[in-house]
Amino acid sequence: MKKVYEVVKIKQVIKEVAEEEKFIIRCPQDGANVAAEFIGDEDREVFFILCMNTKNHVVAVHRCHVGGLNASLVVPREVFKSAILNNSASIILSHQHPSQDVTPSREDIEVTRRLVECGRLLGIEVLDHLIVNAKANFYSMKEKGHL
C-alpha cells in the first residue's frame, strides 16, 4: 500500500482585532512596538516577520523560527512563506536577543543582506530588520545602513 502524507502544518491562526487596534507601520518604532508585543520577552531567540499591504498595514505576523539562547536558524523559504500566502507587498524582519541587548551580530547583518536579496527576487520588499527587546528598544538595520 502506498502512503500519502497530508500537509497539516501550513495553517494560519486568525486573530480578529478591533478597528482601532490595526497596526500601521509609519516608522521603525511602530514596527518595534508590534514586534516587542509579540516576541520581546521570549527566553529564546525568535525570528519574526510583519507582513504588510501596499498601505503598510500589517496583514499578518509570523514566527518563522524559534531558536536557542543566542541563535536562530533563518531559512528564506520560511521567512517568505507567510508573506506570499498573505499577498504581502513588503515585510519587516525582526528578532530579539534573550539578553535584551539589541546590538546586531555579524551573522544578523549577513542574514539581513541575504533576505533583502531574496525579497528582490520575489518582488517582496524588505523594509527593515529590527532587533527588539521587551521595552520596544530597537536597532534598525535600515537606519544604520545595513539594508
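Everything discussed here concerns the structure shown above.
The shown structure was predicted, so the numbers you read here are calculated from the model rather than taken from an experiment.

Engineer: What am I meant to see in the sheet that holds strand 1 (residues 46-52) here?
Structural biologist: Backbone hydrogen bonds are what pair the strands of a sheet, in a parallel or an antiparallel way. Read across the open sheet, the 5 strands follow the order 2-1-3-4-5; overall the sheet is mixed. Each of the sheet's edge strands pairs with one partner strand only, and the pair in question is strand 2 (58-66) and strand 5 (138-140). If you compare each strand with its neighbour and ignore which way they point, the axes differ by 20° on average. In the sheet, strand 3 (residues 90-96) pairs with strand 4 (residues 125-132) via 7 bridges, with the strands oriented parallel. In the strand pairing of strand 4, I92 is matched with D128.

Engineer: Just to check I follow, could you spell out the nonpolar core for this structure?
Structural biologist: Across soluble globular proteins, nonpolar side chains show a tendency to be buried alongside one another. F47, I49, V79, F80, I91, L93 and L115 are the most contacted members of the largest nonpolar core, which has 16 residues in total. In this view, L115 contacts F47, V74, P76, V79, F80, L93 and V126; residues no more than four positions away in its chain are not counted. Ranked by size, the runner-up nonpolar core spans 14 residues in total, among them V34, F48, L127 and V132.

Each value, and the rule that gives it
- Residues numbered from 1 in each chain as written.
- Predicted model: local features only at pLDDT ≥ 70, side-chain atom pairs only at ≥ 80, totals over all residues.
- Heavy atoms only, no water.
- Pairing = 2+ DSSP bridges.
- Helix = DSSP H or I, 4+ residues; strand = E, 2+ residues; numbered from the N terminus.
- Axes fitted to C-alpha atoms, helices over the stretch in contact; angles between N-to-C directions.
- Core = buried A, V, L, I, M, F, W, Y, C linked by side-chain atoms within 4.5 Å.
- Buried < 20%, exposed > 50% of the residue type's maximum accessible area, 1.4 Å probe, protein only.
- Contact = heavy atoms within 4.5 Å.

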